[in-house]
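Coordinate analysis (summary)
Each chain, written out:
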Amino acid sequence: MLLNQFLLLGAMLFAIGVYGVIARRNGVAVLMSIELILNAVNINLIAFSALHGDLSGQVFALFVIAVAAAEVGVGLAIVLAIYRNRKSVDLDELDLMRG
Amino acid sequence: MMVLASTMELAGVDDPINVSQTVAFGLIAVMMVFGALRVVTTKNVVHAAMWLVLVLAGAAAQYILLAADFVAVTQVMVYIGAVVVLFLFGVMLTRAKLGQEADLTRKSWFGGAFVAVLLFGLLSFSLIDTFEDSKIPEDRQMGLGATVQVDADTGEVEGSTDPALGSNTAAVSDTIFSRYLVQFEVISVLLTAALVGAIVIARKD
């Protein structure tokens, strides 16, 4: 298998994730897009791990999965706190710190 | 000495291409890209979570294709088992109605699409320019090196150096608990701190 097919799949998922982060208004949907980005990174790590015959890539992928789990936990807690305070998770309405 | 990427020796340029693996990759990749597009375009957040399951399962399948079986199992357990359930709870707790939502995407989504297309073009150009025909070695199963292998009498981890012997989970655990032990402990503390912090943030008082 070509290395590039995995890297291009990763790039595609990354770009789609970036689009989701920019275009979505719902806080939960933005967090889902961030998951897409983290998965793109993981695919790259595993592909390079297989290319070089080095297990460090797989270990780092596991670390990324752990950090992603922590990120989702805290992110959803923040979204819940925002919803409780403002009765909405619309990110466009979050202009509390606008000057 | 640092070697520039453009002067790097490319691995396996002359290797043959395994047709069945490439076809499997293509099918899964098309499924993943379609699912990812649906995640960012669908009007229903619950449906977005379901499409996300498809993408995550596809990623797990790609890991198996790359002989990273332990990471694939972890992906299924952590992402599909826990993270998606967490997302569904998030949707449930932040929305009264479960259905179509017109204002899920911004009115000015063209900017985001432009940025994404530009980013993908730039990334794919540089990737194709750098790695050209570099191929992943046919024998991707990585066992423990001969120097790390321990005798069975001592009761320590024994991984196989024979690539035909399947799983490399023993080798992965050996790498984590020797070379990356400190990082592993730091991740454990980070995860605990994050979950305690999540409870503190989400509490009512």
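Per chain, residues are indexed from 1 in the order of the written sequence. Here chains are named by letter from A upward and ligands by number from 1 upward, in the order in which they appear as written. In keeping with the predicted nature of the model, local features appear solely for residues at pLDDT of at least 70, side-chain atom pairs appear and are counted solely at 80 or more, and the whole-chain, interface and lining totals rest on all residues.

Structural notes on the overall build of chain B
Selection rule: A helix here means a DSSP run of H or I that spans at least four residues, while a strand means a run of E at least two residues long, and both kinds are numbered starting from the N terminus. Labels follow a simple rule on C-beta atoms placed from the backbone: if 20 or more others lie within 10 Å of a residue's own, it is buried; if 12 or fewer, it is exposed; otherwise it is partly exposed.
Each helix and strand in chain B was counted, giving 6 helices and 0 strands. Ordering the α and β elements of chain B from the N terminus gives α-α-α-α-α-α. Sorting the 205 residues of chain B into buried and exposed places 25% on the buried side.

As for unusual backbone geometry
Residue and element names in this part refer to chain B. For Ala67, which is not a glycine, the phi torsion comes out positive at approximately 60°. By the element assignment, Ala67 lies in the loop between helix H2 (45-65) and helix H3 (69-94). Residue Glu132 is not a glycine yet carries a positive backbone phi of 35°. Along the chain, Glu132 falls in the loop between helix H4 (110-131) and helix H5 (169-176). The class for Glu132 is exposed, based on 12 C-beta atoms found within 10 Å.

Brief notes about the confidence of the model for chain A
Definition in use: How sure the predictor is of each residue is captured by pLDDT, a score from 0 to 100.
Within chain A, residue pLDDT values average 91, and 100% of them lie at 70 or more. Highest mean pLDDT in chain A belongs to helix H1 (residues 3-23) of chain A (94); lowest belongs to helix H3 (residues 56-86) of chain A (92).

Quick word on the packing of H2 of chain B against H3 of chain B
Residues and elements named next belong to chain B. Applicable threshold: A fitted line through C-alpha atoms serves as each axis, taken over the contacting stretch for helices, and the angle formed by two N-to-C directions is quoted from 0 to 180°. Relative orientations are named as follows: roughly parallel for angles under 35 degrees, roughly antiparallel for angles over 145 degrees, roughly perpendicular for angles from 65 to 115 degrees, and oblique for any other angle. Contact between two residues is assigned whenever their backbone-derived C-beta positions fall within 7 Å. Residues are grouped as follows: Ala, Val, Leu, Ile, Met, Phe, Trp, Tyr, Cys and Pro are nonpolar; Asp, Glu, Lys and Arg are charged; all remaining types, including Gly, are polar.
Two numbers describe how H2 lies on H3: the axes approach to 9 Å, and their chain directions differ by 175°. When the interaxial angle is binned, H2 and H3 end up roughly antiparallel. On the side of H2, the interface is formed by Val45, Val46, Ala49, Leu52, Val53, Leu56, Ala57, Ala59, Ala60, Tyr63 and Ile64, while H3 contributes Asp69, Val71, Ala72, Gln75, Val76, Tyr79, Ile80, Val84, Phe87, Leu88 and Val91. Its residues assigned to classes, the contact of H2 with H3 comprises 20 nonpolar, 1 polar and 1 charged.

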